[in-house]
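Overview (structure and organization)
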Amino acid sequence: MTFSAKAWERITPLYDKILNMPFNKELMEGSLDLEKFKFYMAQDAYYLGEFGKTLATLAGKFNDLNYVLAFTEFASGAIVVERALHESYFHEFGIPDLVNPSPTCLLYTNYILNQAAYSDVAVGVAAVLPCFWIYKKVGDHIYTNHHHDGHQYKKWIETYAGEEFAESVKLAINITDALAEKASHEVQEKMLQAFEMASKLEWMFWDSAYREETWLV
Ligand SMILES: Cc1ncc(C[n+]2csc(CCO)c2C)c(N)n1
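Residues numbered from 1 in each chain as written. Predicted model: local features only at pLDDT ≥ 70, side-chain atom pairs only at ≥ 80, totals over all residues.

The protein has the name Aminopyrimidine aminohydrolase in an unreviewed UniProt entry, where Anditalea andensis is given as its organism. Under Function (unreviewed entry), UniProt gives the following word-for-word description of the protein: "Catalyzes an amino-pyrimidine hydrolysis reaction at the C5' of the pyrimidine moiety of thiamine compounds, a reaction that is part of a thiamine salvage pathway." The Sequence similarities (unreviewed entry) field of the UniProt record for the protein holds the comment "Belongs to the TenA family." (UniProt positions renumbered as here; feature names shortened; annotations may be inferred.)

Right, let's talk about the nonpolar core for a bit. A122, V125, A126, A127, L129, M191 and F195 are the most contacted members of the largest nonpolar core, which has 53 residues in total. Those elements giving two or more residues to this core turn out to be α1 (3–19), α2 (22–29), α3 (34–59), α4 (65–93), α5 (103–118), α6 (121–145), α8 (163–182) and α9 (185–211). Considering every element that reaches this core, the biggest residue donor is α6, with 14 residues. When near neighbours in sequence (up to four residues on either side) are disregarded, M191 contacts F3, A122, V123, A126, A180 and A183. (Core = buried A, V, L, I, M, F, W, Y, C linked by C-beta atoms within 7 Å. Buried ≥ 20, exposed ≤ 12 C-beta atoms within 10 Å, placed from the backbone. Helix = DSSP H or I, 4+ residues; strand = E, 2+ residues; numbered from the N terminus. Contact = placed C-beta atoms within 7 Å.)

With that settled, consider the packing of α5 against α6. Close contact between α5 and α6 brings their axes to 7 Å; oriented N to C, the two are set at 160°. In terms of orientation, α5 lies roughly antiparallel with respect to α6. Considering the relative orientation of α5 and α6, their crossing is left-handed. Together, I112, Q115 and A116 of α5 and V123, G124, A127 and V128 of α6 make up the contact between the two elements. The class makeup of the residues in the contact of α5 with α6 is five nonpolar, two polar and no charged. (Axes fitted to C-alpha atoms, helices over the stretch in contact; angles between N-to-C directions. Parallel < 35°, antiparallel > 145°, perpendicular 65-115°, else oblique. Left-handed = near helix turned anticlockwise from the far one by under 90°. Nonpolar A, V, L, I, M, F, W, Y, C, P; charged D, E, K, R; others polar.)

Following the sequence through the fold, K170 ends up in helix α8. When the 13 C-beta atoms within 10 Å are taken as the criterion, K170 is described as partly exposed. Taking the C-alpha atoms as reference points, K170 and F132, separated by 38 residues in sequence, lie 9.2 Å from one another.

On to unusual backbone geometry, then. Residues other than glycine seldom take positive phi values, yet E212 does so here, at roughly 50°. Locating E212 in the fold gives a position in the segment after α9.

Within an α-helix, residues lying three or four positions from one another point in the same direction, as the helix has 3.6 residues per turn. Look at α8: 29 Å from first C-alpha to last across 20 residues, which is about the 28 Å you get at 1.5 Å a residue. Taken together, the buried positions of α8 are A172, I173, I175, T176, L179 and A180. Within α8, the buried residues cover an arc of 160° as seen down the axis, which keeps them to one side. Opposite the packed face of α8, turned more than 90 degrees from it, sit the exposed residues E163, E164, E167, E181 and K182. (Expected span 1.5 Å × (residues − 1). Arc of directions from axis to C-beta.)

Here we come to α1. For α1, with 17 residues, the first-to-last C-alpha span of 23 Å sits near the 24 Å given by 1.5 Å per residue. Within α1, the axis deviates most sharply at T12, by approximately 55°, and proline P13 lies no more than four positions further along. Among all positions of α1, only F3, A7, I11, Y15 and I18 are buried. Next to the buried residues of α1 lie α2, α6, α8 and α9. (Bend = angle between axes of the 7 residues up to and from the residue.)

Around the ligand there are 14 residues in total, and G77, A78, C131, Y135 and F205 lie nearest to it. The leading source of residues in the shell around the ligand is α4, at five residues. (Near = placed C-beta within 6 Å.)

Moving on: the environment of A78. For A78, the position within the fold is in helix α4. According to the C-beta neighbour criterion, A78 is buried, with 24 such atoms within 10 Å. A C-alpha to C-alpha distance of 27 Å links A78 and E181, two positions 103 residues apart in sequence. In contact with A78, not counting residues within four places along its chain, are L48, F51, G52 and L55.

Here the focus is the packing of α2 against α6. Look at α2 against α6: their axes get within 9 Å of each other, and the N-to-C directions meet at 35°. Considering the relative orientation of α2 and α6, their crossing is right-handed. Across from N24, L27 and M28 in α2, the residues of α6 making contact are V138, I142 and N145. Here the residues of the contact of α2 with α6 are counted per class, giving four nonpolar, two polar and no charged.

Below you can see the structure in the form of structure tokens.
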């Protein structure tokens, strides 16, 4: 069984929970409170910057130059492509340029940066894979089931349903599987743990946006 098959099997119950979260159900129906969506967008802007830095950190650690190329492209994609989506919403909503990260957002971004900086590169890659893969799956699910006409979150929905994004996700999965194949049993186990932890943090990120999580002190 490939690493990715094993990893997805491990998070399947969590993935089902993610699909049924109020944030995602209401986003799909178009009924999600605009304030919650704005909160999510602002936090996501912070997340994307840190995610881009995480991918760039990983890019510098590969021996295979094809992987260096793939990860530098992912890094610029995270910042450039997704920033375009955010900027159009930011103008519409007046979200500030400098975002103070919520506790969950800070936890998630620090987790992946830490893994990229200090763990085996294969473990760092496994920690960023849920970001690609879960968004692809959730994005496809929402795209297939939403009402296409006049949906207020149409631009968000279309971002993750495109063919170009699908190709990036396939490449990220293939690179992770190739690294896992060469890794020791111990590193493979750490990769699974990192994949699962980052998937939990994806769940927490949506949950924190729905609750508009703040620092209590
Ligand atoms: C919390 C959070 N997790 C994942 C994504 C999705 N995402 C961000 S960058 C990237 C890959 C390169 O574009 C993907 C799929 C998001 N937006 N916010």
